[in-house]
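Listed below, chain by chain, are the residues.
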Amino acid sequence: MPKAVNKRICCSCGESLPESDFYKSYSDFYYDSRLPICKKCFTRRFFEYSKDYKSSKMAMQRMCMAFDIYFNEKEFDSCDIDDNTVIGNYFRRLNMAQAKGKTFENSISEGAFSLSGDRKKVKGKRVAYVDEYDNVQEEDSDPINPKDIEKWGIGYEPSEYQTMNAHYKYLKNSNPNCDSNQEIFICTLCEIYMQQKNAMRDKDMKSYKDLSELYIKYFKEAGLKTVKDSSESENFIAGVSIATIEKYTPAEYYKDKQLYKDFDGIGGIIKRFFTRPLKNLQFGTNEPDPEYSIEDGDDDE
């Protein structure tokens, strides 16, 4: 017996169509996690806005705003190659771990869009705004450091920025002498690591496995280490070596130039047993050995 196909009516064209003809939605505005407008009508409205605004990006922003869809400029730019496929590609991006469960509300909280209205401080701590019904609404968002946005880009949650910063610090501490090429790898690895955490949180084990394999691949290509080399022999610099020697064995000139001149006594041995006898033999002198010699005495001795 063929499986029954669930259908729904498009809010735009009024046709009864299978659920597969409607994009998925994470908005709580829609009871069945599907947009109320079919894919065909969504595409038609997208192209109308794209023509009016002369920008496919602005058109997608308008559609996301209208239907409570998460909009991330970075994700859209990675899809905006062909207007005929950009919509499908973008919605596939929204189903990935980094965007799963997000709506247009997240776009607002990330600073991509702003709402107008009177804002004031509530209890001296959290920022709030007054809506049209004079109800105080608190914003539930942690401030994002502008340096984090500059480093990692927009579109991440505050906790995701913290995860990437912590992993960046760990990799840098383990690889203090990395070059500029490894620095690029480290930043990429931090982004992959953050997505790994999100995939594990969402119990998306396939994405977690793929991201883990990608992490290992990039890590090996970068030639990084997970533990700092305590021996320091591999990266021991000549200048550091000299500084260490100077610290414990100074090389200053002694004021007494004769001090330690013949510290091992080899000079005395050569003079005593080699040069002294040769000198006596060659010049007829009679220089005695300082230790093994008999001094001349009186005649009666």
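Residues numbered from 1 in each chain as written. Predicted model: local features only at pLDDT ≥ 70, side-chain atom pairs only at ≥ 80, totals over all residues. Heavy atoms only, no water.

Caption draft 1: Fine view of the overall build of the chain. Broken down by element type, the chain carries eleven helices and five strands. Scored against the burial criterion, the 301 residues of the chain give a buried share of 29%. Of the contacts formed within the chain by residues at least 6 apart in sequence, a portion of 43% connects residues at least 24 apart. A total of about 21,700 Å² of accessible surface is found on the chain, and carbon and sulfur atoms cover 53% of it. (Helix = DSSP H or I, 4+ residues; strand = E, 2+ residues; numbered from the N terminus. Buried < 20%, exposed > 50% of the residue type's maximum accessible area, 1.4 Å probe, protein only. Contact = heavy atoms within 4.5 Å. Areas by Shrake-Rupley, 256 points an atom, 1.4 Å probe, with all protein chains shown as cover.)

Caption draft 2: Focus on the packing of helix α7 (residues 158-174) against helix α8 (residues 180-201). Following both chains from N to C, one finds α7 and α8 inclined at 135°, their axes separated by 9 Å at the closest point. Here α7 lies oblique to α8, going by the angle between them. Crossing angle aside, the handedness with which α7 passes α8 is right-handed. From α7, E160, T163, M164, H167, Y168, L171 and K172 reach across to α8, where they touch E183, I186, C187, L189, C190, E191, Y193, M194, K197 and N198. Here the residues of the contact of α7 with α8 are counted per class, giving nine nonpolar, three polar and five charged. (Axes fitted to C-alpha atoms, helices over the stretch in contact; angles between N-to-C directions. Parallel < 35°, antiparallel > 145°, perpendicular 65-115°, else oblique. Left-handed = near helix turned anticlockwise from the far one by under 90°. Nonpolar A, V, L, I, M, F, W, Y, C, P; charged D, E, K, R; others polar.)

Caption draft 3: Just the nonpolar core, in detail. Judged by nonpolar contacts, the single largest core of 31 residues is most densely connected at L35 and F42. Breaking this core down by element, the ones donating at least two residues are α1 (39-53), α2 (56-67), α3 (73-79), α4 (86-94) and α5 (104-109). Among residues more than four places away in sequence, those in contact with F42 are Y23, L35, I37, M63, F67, I69, I87 and F91. With 20 residues, the next largest nonpolar core counts W152, Y161, F185 and I192 among its residues. (Core = buried A, V, L, I, M, F, W, Y, C linked by side-chain atoms within 4.5 Å.)

Caption draft 4: Layout of the packing of α8 against helix α9 (residues 205-222). Across the interface, α8 lies against α9 with an axial gap of 9 Å and an inter-helix angle of 165°. Between α8 and α9, the angle falls in the class roughly antiparallel. The handedness of the crossing between α8 and α9 is left-handed. Each of Q182, F185, T188, L189, I192, Y193, Q195, Q196, A199 and M200 in α8 lies in contact with α9, whose residues at this interface are M205, S207, Y208, L211, S212, L214, Y215, Y218, F219, E221 and A222. A breakdown of the residues in the contact of α8 with α9 according to their chemical character gives 14 nonpolar, six polar and one charged.

Caption draft 5: The environment of L214, seen in detail. Position of L214 relative to the elements: it lies in helix α9. Linking L214 and Y193, residues 21 residues apart in sequence, is a C-alpha distance of 9.8 Å.

Caption draft 6: Quick look at α1. Along its 15 residues, α1 runs 21 Å from first to last C-alpha, staying within 8% of the 21 Å computed at 1.5 Å per residue. Buried within α1 we find C41, F42, F46, Y49 and S50. The inward-facing, buried residues of α1 abut α2 and α4. Positioned one or two residues after α1, K54 has a phi angle of 60°, which is positive. (Expected span 1.5 Å × (residues − 1).)

Caption draft 7: Quick look at the side chain of N72. Its place among the elements puts N72 in the loop between α2 and α3. Here the side chain of N72 touches K74 through a polar contact of 3.0 Å, landing on its backbone nitrogen. Within the local environment of N72, its side chain forms a polar contact with the backbone nitrogen of E75, the two atoms lying 2.9 Å apart. Setting aside chain neighbours within four positions, we find N72 in contact with Y90, E110, I154 and G155. (Polar contact = N/O pair within 3.5 Å; in protein donor to acceptor, adjacent residues only side chain to side chain.)

Caption draft 8: Spotlight on the pattern of salt bridges. What the rule picks out here adds up to 15 salt bridges. For K206, the salt bridge is made with D210, and the minimal N-O distance between the two is 3.2 Å. Of this pair, K206 and D210 are both found in helix α9, four residues apart, which corresponds to roughly one turn of the helix. Residue classification places K206 among the exposed positions, given a relative accessible area of 61%. (Salt bridge = Lys/Arg side-chain N within 4 Å of Asp/Glu carboxyl O.)

Caption draft 9: Structural context of a nonpolar patch on the surface. A cluster of nonpolar side chains, I266, I269, I270, F273 and F274, forms an exposed patch at the surface whose accessible area comes to about 470 Å². With respect to the secondary-structure elements, F273 resides in helix α11 (residues 266-283). (Patch = residues over 30% accessible without salt bridge, like charges linked within 9 Å, V, L, I, M, F, W, Y side chains within 5 Å.)

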